[in-house]
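Observations on the model geometry
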Amino acid sequence: MRLRLTPTNTTFFDLLAGSAQQLVGGADLLSRLLAAEPADRKPLAAELRDAEHAADESTHEIMRRLNQTFVTPFDRHDIYGLASGLDDCMDHMEEAGDLVVLYQVGTLPNRVHKQVDVLRRCAEITAEAMPRLRSMKDLADYWVEINRLENEADKSYRKLLAEMFRGGMDPMDVLRLKDIVDALEAAADSFESVANLVETIALKES
Amino acid sequence: MRLRLTPTNTTFFDLLAGSAQQLVGGADLLSRLLAAEPADRKPLAAELRDAEHAADESTHEIMRRLNQTFVTPFDRHDIYGLASGLDDCMDHMEEAGDLVVLYQVGTLPNRVHKQVDVLRRCAEITAEAMPRLRSMKDLADYWVEINRLENEADKSYRKLLAEMFRGGMDPMDVLRLKDIVDALEAAADSFESVANLVETIALKES
Amino acid sequence: MRLRLTPTNTTFFDLLAGSAQQLVGGADLLSRLLAAEPADRKPLAAELRDAEHAADESTHEIMRRLNQTFVTPFDRHDIYGLASGLDDCMDHMEEAGDLVVLYQVGTLPNRVHKQVDVLRRCAEITAEAMPRLRSMKDLADYWVEINRLENEADKSYRKLLAEMFRGGMDPMDVLRLKDIVDALEAAADSFESVANLVETIALKES
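The structure contained in this document is the topic of the report that follows. (Residues numbered from 1 in each chain as written. Chains lettered and ligands numbered in written order. Predicted model: local features only at pLDDT ≥ 70, side-chain atom pairs only at ≥ 80, totals over all residues. Heavy atoms only, no water.)

**Structural notes on the environment of Lys-204 of chain B**
All names here are of chain B. Note that Lys-204 resides in helix α6 (residues 171–205). Using a relative accessible area of 26% as the deciding quantity, one classes Lys-204 as partly exposed. Along the primary structure Lys-204 and Asp-14 are separated by 190 residues, whereas in three dimensions their C-alpha atoms are 21 Å apart. (Helix = DSSP H or I, 4+ residues; strand = E, 2+ residues; numbered from the N terminus. Buried < 20%, exposed > 50% of the residue type's maximum accessible area, 1.4 Å probe, protein only.)

**So, the interface of chain C and chain A**
Contacts between the two partners involve 14 residues from chain C and, on the opposite side, 13 residues from chain A. Run the count over chain C and chain A and you get two salt bridges. Of the charged contacts in the structure, one is a salt bridge between Asp-98 of chain A and Arg-158 of chain C, with a shortest N-O distance of 2.5 Å. At the junction of chain C and chain A, the tally comes to three residue pairs in polar contact (both at pLDDT 80 or more). For the side of chain C that touches chain A, the secondary-structure elements that each account for two or more residues are α5 (140–164) and α6 (171–205) of chain C. The element that contributes the greatest number of residues to the side of chain C that touches chain A is α6 of chain C, accounting for seven residues. For the side of chain C that touches chain A, the per-class residue count stands at nine nonpolar, two polar and three charged. (Contact = heavy atoms within 4.5 Å. Salt bridge = Lys/Arg side-chain N within 4 Å of Asp/Glu carboxyl O. Polar contact = N/O pair within 3.5 Å; in protein donor to acceptor, adjacent residues only side chain to side chain. Nonpolar A, V, L, I, M, F, W, Y, C, P; charged D, E, K, R; others polar.)

**Quick notes on the interface of chain B and chain A**
With 13 residues of chain B in contact, the opposing surface of chain A contributes 14 residues. Buried area between chain B and chain A, both sides added, is near 1300 Å², and the carbon and sulfur share of it is 62%. Looking only at chain B, the three residues that lose the most surface to chain A are Asn-67, Leu-102 and Met-172 of chain B, adding up to 37% of its buried area. For the pair chain B and chain A, the interface holds two salt bridges. The residue Asp-179 of chain B makes a salt bridge to Lys-178 of chain A at a minimum N-O spacing of 3.0 Å. On inspection of chain B and its partner chain A, the count reaches three residue pairs in polar contact (both at pLDDT 80 or more). Looking at the side of chain B that touches chain A element by element, the count peaks at five residues for α6 of chain B. (Buried area = accessible area lost by both parts, 1.4 Å probe.)

So this is what it looks like as structure tokens:
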């Protein structure tokens, strides 16, 4: 195992920012997939799967770099946690998109589009925040906003559940839709986990 | 980040005991919610949500304290694990109560009340055990009893599943009930995780 | 707490190999359970539950040994992670077998048998790989093959989901089958997690 003692051009901050930027692309693909006609969704799902594989590669690159670097800019367990958390966000978004195609869902309720809009916003501000880990400055706005967005996602999720279980909906449609909105809710929770970890890191490193 | 070198009045033991005490209140609210007439459940669910927010605050306080304390009474990763585990117990209990209202469930099977009685007992003995972390003494009875209680919860859960899938029950009712009993089972598992961690800590620190 | 400074006859490598070997037995039991007539499944499920308890004991033995050993052959957090990961594999396999009996499922689709064949293969190569942790040599074939097997499992899983939701299947049957294939998919994911951790360990220790 070669030890890197001299910094390379690509730093952990760059790698984490890169992973977060991939989430912006992923959330955008997911949004377009949901809005597309069912017949047009398959290629978008394939793109989303590719995006998830690329995100996986980024995560592995960070892990490899962690194993080869003796001195890290902040606690290596936290770098690992961030990489892992960002990876979870992508996994859940890809899962949601995959199920929409697999389950041959038709039109989705408006609230589902709202859930995905929240995820797009989460991805944007996460990508904007990652570079600020260098200075550990001006991060509070980020985690405060993520917490607000996650509350919004949670409200949409709960309203969707209430609608689904009000009665009158075919059980198979409830099953399909529930798996999808569960995956979207899990994605929102993952964005919040990343923000909580950033808050912890900022507190420790201040 | 201000380092606290002199101990403050509220110790980690006090904070963990406080978190565990909140679980007693939460389990009690959950029990009353399940026993209430459907029309009377909403305010109890709101109280349970407040209890979950308060538990969240307690968990955050422990995390903040961990980041500011140089010397901890035992392994800081274990203090983190306990705080996190106690938080999971409350999250699952609140989720169960929330779904009972969201899904507009009517009367619940007796076995569900039995699951919640087990959770109340788990919360009580967990709250009693936390202060004994100071001395690391007389903790074996606690984790042995939690393991016994979790086995009881597991039996109730499996019998409920068998009943639900025996046939004759409306699929929508099965879906509603399964989500609720899954959350209660997850709460029981979380209490067991906390007890397992206490056992590990006691072994390490003895 | 007695510190063991002199190595005992049973090393961590032996213990991890033992845990992995238990997975071979568990996967075999699961395979026979699925293939059996419904009337003959109960005793096999009981054997599988015993296998899970034995695996639990093995995991606890590794944790106890970790708490008593000052110098470990590789990072103790990774030994913990491996033990924990192997335990997850058994838990998910036992859960799948338990649900097949609890839900009184009849004949299972061929693809479910295929999922279990993949798990049997995962267990075999995991058991073969564990002893090679001593030398950290010739492990790449193992994790590469596990990744290939997990992709196979994933394909079977997704095809099963597509079939279940195509339409025409009774919602209760979908519910039963989904829980079972979810548990089998979780088992495959757990085998992959173990392999990913072995890859990380091999990279660190090389």
